[in-house]
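Analysis of the macromolecular model
Residues per chain, in single letters:
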Amino acid sequence: MPKYSTGFKVKAVLVSLAAIMLLILYSYFIPDTIRTRITDAQLTKVDGYFMIATDYRPLVNHDAKYRFKFDSGNVQNEAIRLKGKEVKIRKYGWRIPLFSMYENVVSIKQVE
């Protein structure tokens, strides 16, 4: 059985930690698409966020400067217009109830 030096083991651990961190960041920041029905959307903000209720789960809609997303009002208006209809929603983030974290909506399109 080959013996590995301490330096090699440290490098292997650091590379493994970096890979895990990249996977975590990827899962948070890269948007994915869901197909669902909007059950409720209102033009009033709750704690600074627009809320969108869907059959999938509740989502938020807010501006994200680091993503260059400044159209949350337009997205919310689209959600109100498509209330009760089948839609495709692009969203990113995590839903963690313990921290009151919701996934953020990037765009909404009606399913034809």
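Described in the following lines is the structure provided in the data block. These figures come from a predicted structure and were not determined experimentally.

Looking now at the overall build of the protein chain. From N to C terminus, the protein chain includes two helices and five strands. The secondary structure elements of the protein chain, listed N-terminal to C-terminal, are α-β-β-β-α-β-β. Radius of gyration (C-alpha) of the protein chain: 19 Å, far over the 13 Å computed for a compact globule of 112 residues. Its C-alpha atoms put the protein chain at 65 × 30 × 25 Å along the principal axes. The buried share of the protein chain, taken over its 112 residues, is 24%. In the protein chain, of all internal contacts separated by at least 6 residues, the share reaching a separation of at least 24 is 58%. Seen as two clouds, the 18 positive and the 10 negative side-chain charges of the protein chain have centres 10 Å apart.

So, about the nonpolar core. If you look at the biggest cluster of nonpolar residues, it comprises 12 residues: Ile34, Ile38, Ala41, Ile52, Leu59, Val75, Ala79, Leu82, Val87, Ile89, Val105 and Ile108. Mapped by element, the contributors of at least two residues to this core are strand E1 (32–46), helix H2 (72–81), strand E4 (86–92) and strand E5 (104–110). At three residues, the largest contribution of residues to this core is made by E1. Residues contacting valine 105, with those up to four places away along its chain left out, are Ile52, Leu59, Val60, Asn61, Lys69, Val75, Ile89, Arg90 and Lys91.

In an α-helix there are 3.6 residues to a turn, and that puts residues three or four apart on one side. Those residues of H2 that sit buried are Ser72, Val75, Gln76 and Ala79. Buried residues of H2, viewed axially, fall in a sector of 100°; they line one side. Structurally, H2 contributes buried residues whose contacts are with E1, strand E2 (49–54), strand E3 (59–61) and E5.

Residue aspartate 47 is not a glycine yet carries a positive backbone phi of 55°. Take aspartate 47: it is sitting in the loop between E1 and E2. Unusually for a residue other than glycine, phenylalanine 68 sits at a positive phi of about 60°. Of note, phenylalanine 68 is situated in the loop between E3 and H2. Take phenylalanine 68: its relative accessible area is 69%, and that puts it in the exposed class.

Of the pairings in the sheet, the one linking E1 to E4 comprises six bridges and is antiparallel in character. Note on E4: the bridge partner recorded for arginine 35 is lysine 88. Where E4 and E5 come together, six bridges link them in antiparallel fashion. If you follow arginine 90 over to E5, its bridge partner there is serine 107.

Moving on, we get to the side chain of serine 72. As for its position among the elements, serine 72 is in helix H2. Within the structure, serine 72 has its side chain in polar contact with the side chain of aspartate 63 (distance 2.9 Å). Other than its neighbours up to four places away in sequence, serine 72 contacts Phe50, Asn61, His62 and Asp63.

So, how was this worked out
- Residues numbered from 1 in each chain as written.
- Predicted model: local features only at pLDDT ≥ 70, side-chain atom pairs only at ≥ 80, totals over all residues.
- Heavy atoms only, no water.
- Helix = DSSP H or I, 4+ residues; strand = E, 2+ residues; numbered from the N terminus.
- Rg over C-alpha atoms; globule rule 2.2 N^0.38 Å.
- Buried < 20%, exposed > 50% of the residue type's maximum accessible area, 1.4 Å probe, protein only.
- Contact = heavy atoms within 4.5 Å.
- Lys, Arg positive; Asp, Glu negative; His and termini not counted.
- Charge placed at Lys NZ, Arg CZ, Asp CG, Glu CD.
- Core = buried A, V, L, I, M, F, W, Y, C linked by side-chain atoms within 4.5 Å.
- Arc of directions from axis to C-beta.
- Pairing = 2+ DSSP bridges.
- Polar contact = N/O pair within 3.5 Å; in protein donor to acceptor, adjacent residues only side chain to side chain.

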